[in-house]
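What the coordinates show
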Amino acid sequence: LKFQTFWFEPTPQGKFILSVAFGQSKYYIDNLAENVKRGIRNKLRRGEWPGWAPTGYLNDRNNRKIILDPEKQQIVKKLFDLYATNKYSLGQLKDKSFEMGFLGKTGKKICKAEVERILKNEFYYGNFYYIGEKYEGTHPPIISKNLFDRVQQVMKFRSRATRKQTKTFVFRGSLKCGECGAMVTADTHK
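Residues numbered from 1 in each chain as written. Predicted model: local features only at pLDDT ≥ 70, side-chain atom pairs only at ≥ 80, totals over all residues. Heavy atoms only, no water.

A closer look at the overall build of the chain
Within the chain, the regular secondary structure consists of 5 helices and 4 strands. In the chain, the succession of α and β elements from N to C terminus is α-β-β-α-α-α-β-β-α. In terms of overall size, the chain is more extended than a compact globule, its C-alpha atoms giving a radius of gyration of 26 Å where 190 residues would be expected to give roughly 16 Å. The C-alpha extent of the chain, read off along each of the three principal axes, is 80 × 55 × 35 Å. Pairs at least 24 residues apart make up 43% of the contacts formed inside the chain by residues separated by at least 6 positions. Carbon and sulfur atoms make up 55% of the accessible area of the chain, which totals about 14,400 Å². A distance of 4 Å separates the average location of the 36 positive side-chain charges in the chain from that of its 18 negative side-chain charges. (Helix = DSSP H or I, 4+ residues; strand = E, 2+ residues; numbered from the N terminus. Rg over C-alpha atoms; globule rule 2.2 N^0.38 Å. Contact = heavy atoms within 4.5 Å. Areas by Shrake-Rupley, 256 points an atom, 1.4 Å probe, with all protein chains shown as cover. Lys, Arg positive; Asp, Glu negative; His and termini not counted. Charge placed at Lys NZ, Arg CZ, Asp CG, Glu CD.)

Shown next as structure tokens:
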């Protein structure tokens, strides 16, 4: 291997020097990774979100803080308020958000999954999760904890998983397909 400032010949001494250079570069990378992890841990202890701001917030590059997005924060709050009334589905909220001028990062209409992600995100009332741990944030909340809890109750009520089964089938949940391993379910038809 030849570079402008140094080269490594295929001799025992050249191979040894190359392995030392690789060792130094590996040490540099590992040390850099540890410093980044330490910085993230410090940010989390201070209650600061260490990544890109979610919808409704902006990253302030000068102060390295998360601030409210003057345009989208009102729309996010409105989405929470509308869903808490239990009169709107996720699909209707998606269309309503488009009417209010709420577009995704690509400039297109957001999908139902994005609306659901917003409504389930605790970041909007002041807390956040990072790698499975909960932290109390220092960012300004968009909604109250009470509103967030009401939205979660509506979401739980509307969820298909929590609805009571009206019919009972004897072997439901106990049979698997021998070919693909998927669960066999039952249904009634006219």
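Having put the structure on the table, let's press on.
Looking at the layout of surface pockets
Of the pockets and cavities examined, the largest pocket occupies roughly 490 Å³. Ala 53, Pro 54, Thr 55, Lys 105 and Glu 114 are, among the 26 residues lining the largest pocket, the residues nearest its centre. Contributions of two or more residues to the lining of the largest pocket are made by β1 (57-60), α4 (112-120) and β3 (127-130). Among the elements that make up the lining of the largest pocket, the one with the highest residue count is α4 (4 residues). Partitioning the lining of the largest pocket into residue classes produces 15 nonpolar, 4 polar and 7 charged. Volume-wise, the second largest pocket comes out at about 310 Å³. (1 Å grid on protein atoms, 1.4 Å probe; cavity = no way out; pocket = protein on both sides within 12 Å on 5 of 7 lines; lining within 4 Å. Points joined across faces, edges and corners; volume = space filled by probe spheres on them. Nonpolar A, V, L, I, M, F, W, Y, C, P; charged D, E, K, R; others polar.)

With respect to the packing of aromatic side chains
What characterises a pair of aromatic rings is the spacing of the ring centres plus the angle enclosed by the ring planes. Across all of its chains, the model carries 10 aromatic pairs by this definition. For the ring pair Trp 49 and Phe 128, a centre distance of 5.3 Å and an interplane angle of 85° mean the geometry is edge-to-face. You can see Trp 49 sitting in the loop between α1 (12-45) and β1 and its partner Phe 128 sitting in strand β3, a full 79 residues away along the chain. Residue classification places Phe 128 among the buried positions, given a relative accessible area of 1%. These aromatic residues form a ring-pair network of at least three members: Trp 49, Tyr 57, Phe 80, Phe 123, Tyr 124, Tyr 125, Phe 128, Tyr 130, Tyr 135 and Phe 148. (Phe/Tyr/Trp six-rings, centres within 6.5 Å; stacked < 30°, edge-to-face > 60°. Buried < 20%, exposed > 50% of the residue type's maximum accessible area, 1.4 Å probe, protein only.)

Remarks on unusual backbone geometry
Its identity as a non-glycine residue notwithstanding, Asn 86 has a phi of 65°, on the positive side. Relative accessible area serves as the criterion here: at 32%, Asn 86 is assigned to the partly exposed category. A positive phi is found at Ile 131, a non-glycine position, where the angle reads about 50°. Mapped onto the fold, Ile 131 is located in the loop between β3 and β4 (133-136). With relative accessibility at 75%, the residue Ile 131 sits in the exposed group.

Comments concerning the packing of helix α2 (residues 72-84) against helix α5 (residues 145-158)
Packed helix pairs are specified by the crossing angle of their axes together with the interaxial distance, meaning the distance between the axes. Across the interface, α2 lies against α5 with an axial gap of 9 Å and an inter-helix angle of 50°. When the interaxial angle is binned, α2 and α5 end up oblique. In this structure, α2 crosses over α5, and the sense of that crossing is left-handed. Touching Phe 80, Asp 81, Tyr 83 and Ala 84 of α2 are Leu 147, Phe 148, Arg 150, Val 151, Val 154, Met 155 and Arg 158, all from α5. When the residues that make up the contact of α2 with α5 are grouped by side-chain class, the tally is 8 nonpolar, no polar and 3 charged. (Axes fitted to C-alpha atoms, helices over the stretch in contact; angles between N-to-C directions. Parallel < 35°, antiparallel > 145°, perpendicular 65-115°, else oblique. Left-handed = near helix turned anticlockwise from the far one by under 90°.)

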